[in-house]
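Notes for the structure review
Here is what each chain is made of, one letter per residue.
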Amino acid sequence: MDDYTMTLNEKFNMALSMERQGQFANALSAYTEIISEDRNFRQAYLNLGSLYARMKKYENAMKCYSVAQELGTDYLTSFNIGTIHYTRGEYKNAIFNLEKSRSLNPGFILSNLVMGLCYSRMNNIKAAEANFIHVLNSSPNNRIALTALAIIYYNLKKYDDAVTLLNRILCINSENHIIRRLKSDILFKTGHISESAKELKTLKSCKDGYRVFDEFIKSVPVEIYTDRYGTMDEKINSLKEKPETDSTSLISLSLCHLLKGDTDSAIDYLFKARKKILN
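Description of the structure in this document. (Residues numbered from 1 in each chain as written. Predicted model: local features only at pLDDT ≥ 70, side-chain atom pairs only at ≥ 80, totals over all residues. Heavy atoms only, no water.)

1. Considering the overall build of the protein
The criterion, for reference: Helix and strand definitions follow DSSP, with helices as H or I runs of at least four residues and strands as E runs of at least two, each counted in order from the N terminus. Only protein chains enter the area calculation, which uses a 1.4 Å probe; residues under 20% of their type maximum are buried, those over 50% are exposed, and those in between are partly exposed. Residue contacts are counted whenever heavy atoms from the two residues lie within 4.5 Å of one another. To be clear on the numbers: accessible area is Shrake-Rupley with a 1.4 Å probe, and residue cover counts the displayed protein chains and nothing else.
Along the backbone of the protein there are 16 helices and zero strands. The proportion of buried residues among the 279 residues of the protein is 42%. When contacts within the protein are restricted to residue pairs at least 6 apart in sequence, long-range pairs at least 24 apart make up 46% of them. Counting every atom, the protein has about 15800 Å² of accessible surface; 50% of that belongs to carbon and sulfur.

Written out as structure tokens, the structure reads:
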């Protein structure tokens, strides 16, 4: 009979294999058994903490990371503790640990990224901006930092800066309909009506983008398009004869084109109507 006994390192490798295969319950038991045999097996605490965090058992994860931190300090452990504090809304504690992570490894930009999110939640806009800029200096295509900074500039009414960042995001992912919608809104606010309409036309061709145009239509009084007399082309020609200073006619034109299936023209007329109403 084979009386071979696995070493702790072999047990750890087996637990790690279970974890990678998605056998979380078995991996959890294996890591716990390793710790019961050796209270100073630091890597087992780290892996167990990571496993608990992915299972959203943050209290258990924090206990494991805290013990690991007592056994030795490294930037990833401080970062993981910081992210758990962030997840629980404990932003000051998160920043304390993220700062510690950054001091141990200044090149690890995820610490700055999560700090930026923390400061945003605390409404410390200058500190949030500084952290997101730091991330983008090292990783220019980081979409979280680009998006967060664009929203900050949007809220500060720094529209040109916001659009510049939004364009960078759209270069990475042209079908990001949320970003394209925000860009369209900024262009409209800054008087670039035709460019705003162009963005919305692109938006309607993106996945789920048509719903955004649908929301525009829902804001228009139903009675405007209840007239059923004449063909759609006749109605459009009749409405075109009216001056474009009449916002009601423009909205009617928009809806006629929409019902006809010409959504690009519908968008053009709707934007003209909105411009007249706002003026």
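2. Details of the pattern of salt bridges
Defined as follows: In the sections that follow, a salt bridge refers to a side-chain nitrogen of Lys or Arg positioned within 4 Å of a carboxyl oxygen of Asp or Glu.
If you walk through the whole model with that rule in mind, you get seven salt bridges. Ionic pairing is found between Arg88 and Glu90, a salt bridge with its closest N-O pair at 3.4 Å. Put simply, Lys11, Glu33 and Glu37 are held in one network by salt bridges that share partners.

3. What to know about the packing of aromatic side chains
What counts here: The aromatic pairing rule takes the rings of Phe, Tyr and Trp, using the six-membered ring of Trp, and pairs them if the centres are within 6.5 Å, calling planes under 30 degrees apart stacked, those over 60 edge-to-face and the rest tilted.
In the structure shown here, the tally under the stated rule is six aromatic pairs. Taking the centre distance of 5.7 Å and the plane angle of 55 degrees together, the rings of Tyr86 and Tyr91 count as tilted. By the ring-pair criterion, three or more aromatic residues cluster together here, those being Phe12, Tyr31 and Phe41.

4. Describing the side chain of Asn47
Checked against the element boundaries, Asn47 lands in helix H3 (residues 42-54). For Asn47, a relative accessible area of 11% translates into the label buried.

5. So, the side chain of Ser78
Relative to the assigned elements, Ser78 resides in helix H5 (residues 75-87). Residue Ser78 is classed as buried on the basis of its relative accessible area, which comes to 0%. Apart from the residues lying within four places of it in its own chain, the contact partners of Ser78 are Gln69, Asn97, Lys100, Ser101 and Leu104.

6. So, helix H1 (residues 8-20)
Convention followed: By definition here, a helix of n residues has an expected span of 1.5 Å times n minus one. What the arc describes is the spread of directions from the helix axis to the C-beta atoms.
In this model, H1 (13 residues) spans 18 Å end to end at C-alpha, consistent with the 18 Å of a helix rising 1.5 Å per residue. Residues of H1 that are buried: Lys11, Phe12, Ala15, Leu16, Met18 and Glu19. Mapping the buried residues of H1 onto a view down its axis gives an arc of 160 degrees, with all of them on the same face. The outward face of H1, more than 90 degrees from its buried face, is lined by the exposed residues Asn9 and Arg20. Elements in contact with the buried residues of H1: helix H2 (24-37) and H3. Two residues or fewer past H1, Gly22 is found with a positive phi of approximately 85 degrees.

7. Side note on the packing of H1 against H3
We apply this condition: Only the stretch in contact is used when a helix axis is fitted, and all axes are lines through C-alpha atoms; the angle between N-to-C directions ranges over 0 to 180 degrees. Reported orientations rely on four angle classes, namely roughly parallel under 35 degrees, roughly antiparallel over 145, roughly perpendicular from 65 to 115, and oblique for the rest. We call a crossing left-handed when the near helix sits turned anticlockwise from the far one by less than a right angle, and right-handed when that turn is clockwise. Put simply, Ala, Val, Leu, Ile, Met, Phe, Trp, Tyr, Cys and Pro go in the nonpolar bin, Asp, Glu, Lys and Arg in the charged bin, and everything else, Gly too, in the polar bin.
Where H1 meets H3, the axes come as close as 11 Å, and the angle between the chain directions of the two elements is 15 degrees. Judged by the inter-axis angle, H1 sits roughly parallel to H3. Relative to H3, the crossing made by H1 is left-handed. Seen from H1, the contacting residues are Phe12, Leu16 and Glu19; seen from H3, they are Gln43, Ala44, Asn47, Leu51 and Arg54. Of the residues in the contact of H1 with H3, the class split is four nonpolar, two polar and two charged.

8. Comments concerning the packing of helix H4 (residues 58-71) against H5
With their axes 10 Å apart at the nearest point, H4 and H5 run at an angle of 155 degrees to one another. Relative to H5, H4 is oriented roughly antiparallel. For the pair H4 and H5, the crossing hand works out as left-handed. Together, Tyr58, Ala61, Met62, Tyr65, Ser66 and Gln69 of H4 and Thr77, Ser78, Asn80, Ile81, Ile84, His85 and Thr87 of H5 make up the contact between the two elements. Looking at the contact of H4 with H5 residue by residue, the classes come out as six nonpolar, seven polar and no charged.

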